[in-house]
Amino acid sequence: MATRSIGRRLGRAVLTVLAVTLAAALLSALLIVAGTARTRVLSQLSKGGPLAGIQVVAAAPDPGQVDTDNPRPGQPRVLDEAARQRIRALTGVRSVVALISTPVRVLPPDPPLRGAPSGTPPDPFTQQMTGVDTAKSGQLPITVVSGRLPAPHSLVEVAVTESYLRHLQLPKQQASRVVGTEVELGAPRLFTGDDRVRGRWTRAIIVGVVAQGVASGDVIAPIEQVRTAQAWTAAGDPTGDTASPYSGLFVIAKGISRVGEVRAAITQVGYSTSAPENLVATVQRYLHVVEIVLSGIGLIALVIAALGITNALLAAVRERRNEIGVLKAIGARDRDVRRIFLIEATLLGLWGGALGTAAGFGISELMGAIVNHYLRQQGLAAVHVGAPVAVLVGGVAGSAVLALVAGTVPAQRAARLPARQAMGET
Amino acid sequence: MRVLSEATGLGVSVQGLTHIYAEHGNPLVVLDQLDLALRPAEHLAVTGRSGAGKSTLLAVLGGLERPQSGSVLVGDVDLARLDGDELAAYRRDLVGFVFQHYGLLGNLTALENIELAMTFTGLRTGPRRRRARELLDAVGLAERADHRPNALSGGEAQRVAIARALANQPRLVLADEPTGNLDDENTAHVLDLLASLPAQLGCTLVVVTHNHVVAARAARRCLLEHGRLVAVP
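Residues numbered from 1 in each chain as written. Chains lettered and ligands numbered in written order. Predicted model: local features only at pLDDT ≥ 70, side-chain atom pairs only at ≥ 80, totals over all residues. Heavy atoms only, no water.

(A) Focus on the overall build of chain A. Check the secondary structure of chain A and you find eleven helices and ten strands. By the burial criterion, 46% of the 426 residues in chain A qualify as buried. Roughly 19900 Å² of accessible area belongs to chain A as shown, and the carbon and sulfur atoms make up 60% of that amount. (Helix = DSSP H or I, 4+ residues; strand = E, 2+ residues; numbered from the N terminus. Buried < 20%, exposed > 50% of the residue type's maximum accessible area, 1.4 Å probe, protein only. Areas by Shrake-Rupley, 256 points an atom, 1.4 Å probe, with all protein chains shown as cover.)

Shown next, in the form of structure tokens:
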């Protein structure tokens, strides 16, 4: 009956649903965009890795700096498998990814890439090469800007960072140009007999350009490749400074709220840690304020829509006094009449909410496409515009609940109309 | 019409009924110490000028308005003692209304309008629909079941309204100017239908009208004047 009543006054129902649709669309689009922006900003802070990530370096902690995000490491300390296992066993640790870092001499391609600003090949330079298990790249603060990561266990594929592009005098917007080119990497070794450094040279194909926060350095490679280079270099190191099996660990806590606790525990074990803990918390607070403001704007729109529903239903009650009287004359109780109007209000809210949430999702997808186009032009990784289930379900259910609340006054007024209305105005 | 064969009419006893409307602060007495006694299955016509209080009397008898003073007994039900839900149940189970303007819901078909009266009794869809079809058939409108009120003539709409009034096997049928909007031919048809109710179905019938032709069909006639009923020979 409620559906039929809505259908009988289709024009008014369409306008009412439209008001709810626009409000729900605005609210859901704002929330989706805000959520995506939040993800993007926080992702930038953690370089695409998990926000609950903690970097552990092969050094003792500096007691004066344990509460800062990026403390200065203390004395070098061996970080071996036993230490990794101890850290892995700590409460609050979800996973631990081992990192190996070793210096390499980098020989850029010769002849230089076509279109490079200077015609002469760039000079060789020394940088750190970091080895990671690329199969676990999802747990690491690595964002692929162009191409892909090296295949796990590959001995010929590497990825480079944006600073490699600077050595080649290429803007980061042209990152894709280095993908597929060859680079020569030389692991140095000091031969004490003649006091000369000799290199162990390998050729590798650059398969991707990445932004990373794993360790300093220009080259990311599968761990096996770096281990071989490290072993070569360590064999000539009389000081034993490069003797640590791991140069660092990337520890992921069970949630951002446990980062502080895990960092403290790792400090107790005896290693220096860093994490954008304070920065993320500060940014999260600012983003939360932005979300509140955006939600407020959407809610104002929804309240206006709710007033529209109330107005439309009050008009319906005025027009249907006789009909309501007839319903009572044939046996409807006050609560039966109330229920009919509440169902009408809820249906208007449901339809408006469903249409509005779908429209909001569409709008945010469109905005995402525009933003991604811009980001790609700037040589940055694209963002994924995802609609959280809570926003989708909440958009529809919230609109229905708001409409139900908006329909309460008209429904109550209808329920209280005297049954005598069935016989016309007295 | 066999669909109501088991219903039996209710006697009505009204004593000292007074009803006053406050018009801009001035009291308007429409019913003044009114007395009325009706036997079960009696057919009464109440006539009177416009504003005499005929519809108010009908509204009080049907539980659409509460008696302000005096007592109104329908069968053994004292209407003054019923609360809101009990009055709704009284209207649903014991009373059938026929209005001058038919009172059909424009967004429902003829069949659905009749069904609606049974919805509030909790009857399931199947039996409800079956009985609605029987009633439509009984008033000669089986082929108009799927038509909405705006597609029916005045006479047809009033016959649908009578079928709806009979849906819950009422024991008191109250008709307020049932032929007020009808032409002569439809008036005769509707009057035949109404007049047959007390004899065929055993329900008590009160018709309010200012039309003497309509009143003449009743077994008993009263004139409502100065707030009281006066028997008309």
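(B) Quick look at unusual backbone geometry. Of note, H153 of chain A is a non-glycine position whose phi angle comes to about 70°, a positive value. When its relative accessible area of 55% is taken as the criterion, H153 of chain A is described as exposed. Phi at A41 of chain B is positive, roughly 65°, even though this residue is not glycine. Tracing the backbone shows A41 of chain B in the loop between β2 (26-38) and β3 (43-47). By relative accessible area, A41 of chain B is classed as partly exposed at 31%.

(C) Here's a closer look at the interface of chain B and chain A. In this complex, chain B contributes 27 residues to the contact, which on the side of chain A involves 21 residues. The contact between chain B and chain A buries some 2100 Å² in all, and 61% of this surface belongs to carbon and sulfur atoms. On the chain B side of the contact with chain A, L64, N107 and F120 of chain B bury the most area, a combined 28% of that side's loss. Taken together, the links from chain B to chain A amount to two salt bridges. In this structure, D85 of chain B and R335 of chain A form a salt bridge, with 2.9 Å as the shortest nitrogen-oxygen distance. Where chain B touches chain A, the interface holds five residue pairs in polar contact (both at pLDDT 80 or more). Of all the elements in the fold, those that place two or more residues in the side of chain B that touches chain A are α1 (54-61), α2 (84-93) and α3 (110-119) of chain B. Its residues placed into classes, the side of chain B that touches chain A shows twelve nonpolar, seven polar and eight charged. (Contact = heavy atoms within 4.5 Å. Buried area = accessible area lost by both parts, 1.4 Å probe. Salt bridge = Lys/Arg side-chain N within 4 Å of Asp/Glu carboxyl O. Polar contact = N/O pair within 3.5 Å; in protein donor to acceptor, adjacent residues only side chain to side chain. Nonpolar A, V, L, I, M, F, W, Y, C, P; charged D, E, K, R; others polar.)

(D) Local environment of the confidence of the model for chain B. The pLDDT averaged across chain B works out to 89; a share of 97% of its residues lies at or above 70. When the criterion is pLDDT under 50, residues 1-5 of chain B qualifies, and its contacts beyond four places in sequence or with other chains add up to 16 contacts. (pLDDT = per-residue confidence, 0-100.)

(E) Broad picture of the domain arrangement of chain A. Domain boundaries assigned for chain A yield domain 1 (2-45 + 282-423) and domain 2 (53-271). Taking the mean C-alpha position of each, domain 1 of chain A and domain 2 of chain A sit 51 Å from one another. (Domains from an automatic or database assignment.)

(F) Expanded view of the sheet that holds strand β4 (residues 69-74) of chain B. Residues and elements named next belong to chain B. A sheet is described by the order of its strands in space; here four strands give the open sequence β2-β1-β4-β5, paired in antiparallel fashion. Where the open sheet ends on each side, the last strands, each with one partner, are β2 and β5 (77-78). Of the pairings in the sheet, the one linking β4 to β5 comprises two bridges and is antiparallel in character. Bridge assignment links L73 to a residue of β5, and that residue is D78. Together, β1 (12-23), β2 and β4 form the strand contacts of α1, whose direction differs from that of β1 by roughly 120°. (Pairing = 2+ DSSP bridges. Axes fitted to C-alpha atoms, helices over the stretch in contact; angles between N-to-C directions.)

(G) Looking closely at the sheet that holds strand β7 (residues 172-176) of chain B. Residue and element names in this part refer to chain B. If you walk across this open sheet you meet the six strands as β6-β7-β8-β3-β9-β10, and the pairing is mixed. Unpaired on one side and paired on the other, β6 (95-98) and β10 (228-232) mark the two borders of the sheet. In this sheet, adjacent strand axes meet at a mean angle of 20° when their direction is disregarded. As paired elements, β7 and strand β8 (residues 204-208) share five bridges and run parallel to each other. Paired with L174 across the two strands is V206, which belongs to β8. Sheet strands touched by α1: β3, β6, β7, β8, β9 (220-225) and β10. Its angle to β7, the strand with the most contacts, is close to 155°.

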